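Chain by chain, the residues:
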Amino acid sequence: MSSEHHKPPRQIGGELVIPILSVGFTIYFFMTIWNSPWTAQVSTFLIGGILLFVCAIFFIRCAIWLSRGEGTLGFGNLFTMDDFRTGRIGLLITTIGYVALIDSLGFTLTTFLFLAVSMLILARGKNAVFITMISAAMALTGWAVFIWAFDTRFPRGWFETTMKAVLANG
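Since the structure is predicted, the reported quantities are computational estimates derived from the model, not experimental observations.

Attention now goes to the pattern of salt bridges. The full count for this structure, using the stated rule, is 1 salt bridge. As a salt-bridge pair, arginine 10 and glutamate 15 come within 3.0 Å of each other at their nearest N and O atoms.

This is the structure in C-alpha cells:
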C-alpha cells in the first residue's frame, strides 16, 4: 500500500505579485537617477541589481514548478486568513502608511515609526522596549548617514529641522 499522497499544485500567482512589482519599481527607479550624483547611482544600481538577481532566481524557481506541474498561476492564496494571523495585512498597512506620511513627518521619524510598528507586528507585541531602541538606533543611523553626512534629498520633517538647528548652534 502506497503512503504517497498527491499534493495539489502550489498556487504561485499570488507569490509573483510582489516580485513583479519590485522589478517594475526597480526599473522605474533606475530610469529616474540618471541626473543624480554618482554615489546615488552606484548605490541604486547595487541594491537594485541585488533585488533583480533575487527576483530572477525566484522566477526561475517558479518556471521549474510550472514545468513540473508542481505549481499553477492561480491567485487563491493571495489573501487568506493566515494574512491576518501572521501580520501580513498589518505590514501592508504599515508600508502604505510609511509612503503616505514620509513627506509630512520626514524620513527619520517615519522610518522609526515604520520599523517599530513592523517589528512589533512580527514579534506580536513582545520585547517592545528592545524593538523601540533598535528602531530608534536604525532610524538615527539612517539620518546620520543619508541626511547629515551625505545631505541627500530625503524628506525633511520636525526631527531633521530640529537637528539641523542644534548642529548649526553646537
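Still more to cover.
This next bit is on helix H6 (residues 128-149). Helix length check: H6 (22 residues) gives 30 Å between terminal C-alpha atoms against 32 Å at 1.5 Å per residue, within 8%. Of all bends in H6, the biggest is about 25 degrees, found at tryptophan 143. If you check which residues of H6 are buried, you get Ile131, Ser135, Ala139, Gly142, Trp143 and Ile147. Once H6 finishes, aspartate 151 follows within two positions and takes phi at roughly 50 degrees, a positive value.

Next up on the list: the packing of H6 against helix H7 (residues 158-169). Interhelical geometry of H6 versus H7 gives an angle of 70 degrees and a closest axis separation of 12 Å. The angle between the axes of H6 and H7 places the two elements in the roughly perpendicular class. For the pair H6 and H7, the sense of crossing is right-handed. Contacts between H6 and H7 involve Leu140, Trp143, Ile147 and Trp148 from the former and Phe159, Glu160, Met163 and Leu167 from the latter.

Moving on, we come to the packing of helix H5 (residues 107-122) against H6. Packing of H5 against H6 brings their axes to within 8 Å, and their N-to-C directions diverge by 150 degrees. Judged by the inter-axis angle, H5 sits roughly antiparallel to H6. For the crossing formed where H5 meets H6, the hand is right-handed. Across from Phe107, Thr108, Thr111, Phe112, Leu115, Ala116, Met119 and Leu120 in H5, the residues of H6 making contact are Ala128, Ile131, Thr132, Ile134, Ser135, Ala136, Met138, Ala139, Gly142, Trp143, Phe146 and Ile147.

This part is about the side chain of serine 22. For serine 22, the position within the fold is in helix H1 (residues 17-32). Classification of serine 22 as buried rests on a relative accessible area of 18%. The residues touching serine 22, leaving out its near neighbours within four places in the chain, are Leu51 and Cys55.

For the protein, mean pLDDT is 89; residues scoring 70 or higher make up 96% of the total. Averaged pLDDT values over the elements of the protein bottom out at 76 in helix H3 (residues 81-86) and peak at 95 in H5.

This model, assessed by the stated rule, comprises 11 aromatic pairs. Relative to phenylalanine 45, the ring of tryptophan 34 lies with its centre 5.8 Å away and its plane at 50 degrees, an arrangement referred to as tilted. Residue tryptophan 34 is found in the loop between H1 and helix H2 (38-68), and its partner phenylalanine 45 is found in helix H2; the two are separated by 11 residues along the sequence. Judged by its relative accessible area of 53%, tryptophan 34 falls in the exposed class. Judged by relative accessible area, which is 33%, phenylalanine 45 ranks as partly exposed. With 5.9 Å between their ring centres and 10 degrees between their planes, tryptophan 143 and tryptophan 148 make a pair best called stacked. With relative accessibility at 9%, the residue tryptophan 143 sits in the buried group.

The next subject is the environment of aspartate 82. For aspartate 82, the position within the fold is in helix H3. Exposure remark for aspartate 82: the relative accessible area of 35% places this residue in the partly exposed category. When sequence neighbours within four positions are dropped, the list of residues in contact with aspartate 82 reads Gly87 and Arg88.

In this structure, arginine 124 is a non-glycine residue whose phi angle is positive, near 55 degrees. Secondary-structure assignment places arginine 124 in the loop between H5 and H6. Judged by its relative accessible area of 58%, arginine 124 falls in the exposed class. If you check the backbone angles, asparagine 127 has positive phi at about 60 degrees while not being a glycine. Within the secondary structure, asparagine 127 sits in the loop between H5 and H6. For asparagine 127, a relative accessible area of 55% puts it in the exposed group.

The rules behind each value
- Counting of residues starts from 1 at the beginning of each chain's written sequence and follows it residue by residue.
- Per-residue local features are limited, in this predicted model, to residues with pLDDT of at least 70; the limit for side-chain atom pairs, both in listing and counting, is 80 or more; totals at the level of whole chains, interfaces and linings are taken over all residues.
- Side-chain descriptors were evaluated using all non-hydrogen atoms of the structure, hydrogens and water having been removed beforehand.
- We count a salt bridge whenever a side-chain nitrogen from Lys or Arg sits within 4 Å of a carboxyl oxygen from Asp or Glu.
- Secondary structure counts use DSSP, requiring at least four H or I residues in a row for a helix and at least two E residues in a row for a strand, with both numbered from the N terminus.
- Multiplying 1.5 Å by the residue count of a helix minus one yields the expected span of that helix.
- To obtain the bend at a residue, axes are fitted to the seven residues ending there and to the seven starting there, and the angle between these axes is taken.
- Relative accessibility under 20% of the residue-type maximum defines a buried residue, over 50% an exposed one, and the middle range a partly exposed one, all with a 1.4 Å probe and only protein chains included.
- For every element, the axis is a line fit to its C-alpha atoms; helices are fit only across the contacting stretch, and the angle between N-to-C directions ranges from 0 to 180 degrees.
- For classification purposes, angles smaller than 35 degrees are called roughly parallel, those larger than 145 roughly antiparallel, those between 65 and 115 roughly perpendicular, and all remaining angles oblique.
- Working rule for handedness: look at the near helix, and if it is turned counterclockwise from the far one by less than a right angle, call the crossing left-handed; if clockwise, right-handed.
- Whether two residues are in contact is decided by their heavy atoms, any of which lying within 4.5 Å being enough.
- Known as pLDDT, the predictor's per-residue confidence is scaled from 0 to 100.
- A pair of aromatic rings is counted whenever rings of Phe, Tyr or Trp (Trp by its six-membered ring) have centres within 6.5 Å, and the orientation is called stacked for planes under 30 degrees apart, edge-to-face for over 60 and tilted otherwise.

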